[in-house]
Each structure stands twice: as C-alpha cells, then as structure tokens.
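The lines below spell out each chain.
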Amino acid sequence: TNIDYGLEIPNISKKARREIINNILERFGLLDFKHRNARQLSGGEIQLVAMARGIALNPSVLFLDEITANLDTNHINKLEHSIQQYNKEKNATIIMTTHSIGQAYRLADRVISLFNGKIAKSGMYNLFRGECRKNGKEYRFNTGKLSILIPNRHYEKRFCHISINPEDIVISKDKINTSGYNIFSGKIISVIERDEAVHLDVEAEEVFRVQMILLSFHQMNLTIGTRVFLLFKAISVHVY
C-alpha cells in the first residue's frame, strides 16, 4: 500500500502497478514484507520502503532527508547502494542531507557544508566546539581534551567552533619538532579509499579526519592501529 499510493496518482493501471511494486520490492530485498503491516517493520525496513516508494515513479530529481539516520550498518549499506545504483541507472539528480560527512563524500559529486544556517567557507571536517584562551603570546582553542594553536585574530570569540581541512593535516610516523604547528600523537582507527585519495580517522584524544594521496599511504605502510603524529599549522584552523 505504501508504494502503491504514489503510483495511483498518475493513473497507472493496477496490473502495471503490481509489476512495478514487485520489481521494486525484489530490488530492495523486501518481497517477504509485501503484505506486512507497517507497524511490524523495523526502522531500517521503513527507510527501505520509503526509498522504494520514492523511486517507484522513476523521478529525475530525488530529495532525501537524513535517510540513514539512526540505522544499523547493514541497512545503511543497503540504502547507500540503492542511492548509487539509482543515480547510475537513471542519471538522476539526488539531493540529500546528512550529518555523516563520511557518507556525504562517499556518495556525492559535490558536498556543501552548512554551519549555523549558512554555507561554510571550508569543509566541516574536524569540527570542534570549545573556548578560545590566551596563553602568553599564543592563542589557543581548548576542546576539553586538546589545546589547539589558532590564529591570533580570533581571540575575541571566547566560545566558538573550529574546523580543520583534512588536506591541511600532515601525518608522520616520527615526531617533528617545529614552531607554529599543532602536533598530536594518535592511532589510525579507520581507513577509507576514494579514487586516488585515502581518508583516515586518527584518534588523538579527539578524532581527526585526514586526507592523503593513495601512493603516500602505501609508501608509509599505514594501516588501522598504526601510531602516527598529526601536524597542522595554526593558520589552517578556521574559527567560527
């Protein structure tokens, strides 16, 4: 009934609707749920049905609002696969909102970051909230776990947010002592390959996302669990 409702509006025949519904349910692995009451479906199954209903009419533009929120990994993978498959098959424009930046970069050709209702100038990776403090001649941002060196001109914003572009963070296996840099020790906890780039999540009290080229990643023999040092300049920290 959920999927059939949208098909009734353009006056598609009952026989044609039944064929479309069966094909859609098979595609999403939901044939066994064909006659199940909506109240008997899990959160992930409800989202799969919603996605199936959305593409039943083969729209050229599809809007998805937090479609994988609060779902387990299995259902997230199914929904992401269906989004990619539909985009590839129909060359459709898909506009989606998500709080998962990793998901955004996995699925989208273009990512727009919003902060406080406005388009952010830089990506919203490595977004932290804390307090700006003056320490001698330096100006630092305290997350509660880390003290991060920031540009001096932002001291007037006592409570604020910061973000750091993943491309501005350098990874090293050896500690490099240099002035004007933030240097933190951490451990790689996640590795995602995307085309010729690699996205790493490094736990260094806070979790940082780092981007590096695939060749360098292999040359350094990095993997999950590798201990590394993170380096980034104070001027690479964007203060909001």
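Because the structure is predicted, anything quoted here is derived from the model rather than measured.

Asks: With reference to specific residues and values, describe the sheet that holds strand β14 (residues 237–239).
Replies: A sheet is described by the order of its strands in space; here five strands give the open sequence β7-β6-β5-β8-β14, paired in antiparallel fashion. Two strands in the sheet have a free side with no partner beyond their single neighbour: β7 (147–149) and β14. The mean angle between the axes of side-by-side strands here comes to 45°, regardless of whether they run parallel or antiparallel. Here strand β8 (residues 159–164) runs beside β14; their pairing, made up of three bridges, is antiparallel. Residue pairing across strands places S163 opposite H238, the latter belonging to β14.

Asks: A description of the packing of aromatic side chains should follow, citing residues and the corresponding values.
Replies: Here the structure, examined in full by the defined rule, presents four aromatic pairs. Relative to F232, the ring of F184 lies with its centre 6.0 Å away and its plane at 45°, an arrangement referred to as tilted. Highlighted residues: F184 in strand β10 (residues 181–194) and F232 in strand β13 (residues 227–233), separated in sequence by 48 residues. Residue classification places F232 among the buried positions, given a relative accessible area of 0%. Their ring planes at 45° and their centres at 6.0 Å tell us that F208 and F232 sit as a pair that is tilted. One end of the pair, F208, is in strand β12 (residues 206–213); the other, F232, is in strand β13, with 24 residues separating them in the sequence. Here the two residues F208 and F232 agree in accessibility, since each one is buried.

Cut-off values and rules
- Residues numbered from 1 in each chain as written.
- Predicted model: local features only at pLDDT ≥ 70, side-chain atom pairs only at ≥ 80, totals over all residues.
- Heavy atoms only, no water.
- Pairing = 2+ DSSP bridges.
- Helix = DSSP H or I, 4+ residues; strand = E, 2+ residues; numbered from the N terminus.
- Axes fitted to C-alpha atoms, helices over the stretch in contact; angles between N-to-C directions.
- Phe/Tyr/Trp six-rings, centres within 6.5 Å; stacked < 30°, edge-to-face > 60°.
- Buried < 20%, exposed > 50% of the residue type's maximum accessible area, 1.4 Å probe, protein only.

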